[in-house]
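Each chain, letter by letter, is given below.
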Amino acid sequence: MTEKEISVKIDTTGLSLILEASEPYYHRVESLLEDHYQGVQTFDDGTLITMMELRVSLQILVTYLQDLLEQAEEEGVQCLYLKPQEVKTIASLSKGISSAVLVQLGNTNLREQ
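Being a predicted model, the structure only gives us computed values, none of them experimental.

Cut-offs and rules
Along every chain, residues carry numbers that run from 1 in the direction the sequence is written. Local features in this predicted model are restricted to residues whose pLDDT is 70 or higher, and side-chain atom pairs enter the listing and the counts only when it is 80 or higher, whereas totals over whole chains, interfaces and linings include all residues. The side-chain numbers reported here are obtained from all heavy atoms of the structure, hydrogens and water having been left aside. A helix here means a DSSP run of H or I that spans at least four residues, while a strand means a run of E at least two residues long, and both kinds are numbered starting from the N terminus. Burial classes follow relative accessibility: with a 1.4 Å probe on protein chains only, a residue under 20% of its type's maximum area counts as buried, one over 50% as exposed, and anything between as partly exposed. Here, two residues are considered to be in contact whenever any of their heavy atoms come within 4.5 Å of each other. The charge count includes Lys and Arg as positive and Asp and Glu as negative, but it does not include His or the ends of the chains. The location of each charge is read from NZ of Lys, CZ of Arg, CG of Asp or CD of Glu.

Engineer: For this particular structure, what's the right way to read the overall build of the protein?
Structural biologist: A count of helical and extended segments in the protein gives three helices and two strands. Put simply, the protein runs from its N terminus to its C terminus through helices and strands in the order β-α-α-β-α. Taken along the three principal axes of its C-alpha coordinates, the protein extends 55 × 30 × 20 Å. Relative to its full complement of 113 residues, the protein shows a buried share of 33%. In the protein, of all internal contacts separated by at least 6 residues, the share reaching a separation of at least 24 is 77%. Charge centroids of the protein, computed over 8 positive and 18 negative side chains, lie 9 Å from each other.

Engineer: How should I be thinking about the side chain of threonine 12 in this particular structure?
Structural biologist: Its place among the elements puts threonine 12 in helix H1 (residues 12-37). When its relative accessible area of 8% is taken as the criterion, threonine 12 is described as buried. Contacts of threonine 12, omitting those with residues within four sequence positions, involve Leu69, Ala72, Val77, Gln78, Cys79 and Leu80.

Encoded structure:
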């Protein structure tokens, strides 16, 4: 069996947990960027770049997970069969975001509310 033929069974509960953990960070980054551009809070260029990179990663992860969960719901299934590369992508994005939430963004980070 080649790698193209292999699929990994993923329960939608696991995908939902990742999504639920990621969404608050996505909204937090959105809020910080909005505050910056509305003049409420000021960030330097390095911090802005970091926040924009986090926003892109979070948006990719959240959108992808929402799409997968929507597909599962439409099909009425509890498990999806994903390509190994798709699972690696979800894991990489999730791991990167979990590490990044403690990165200092000016005088805050994504965990502070």
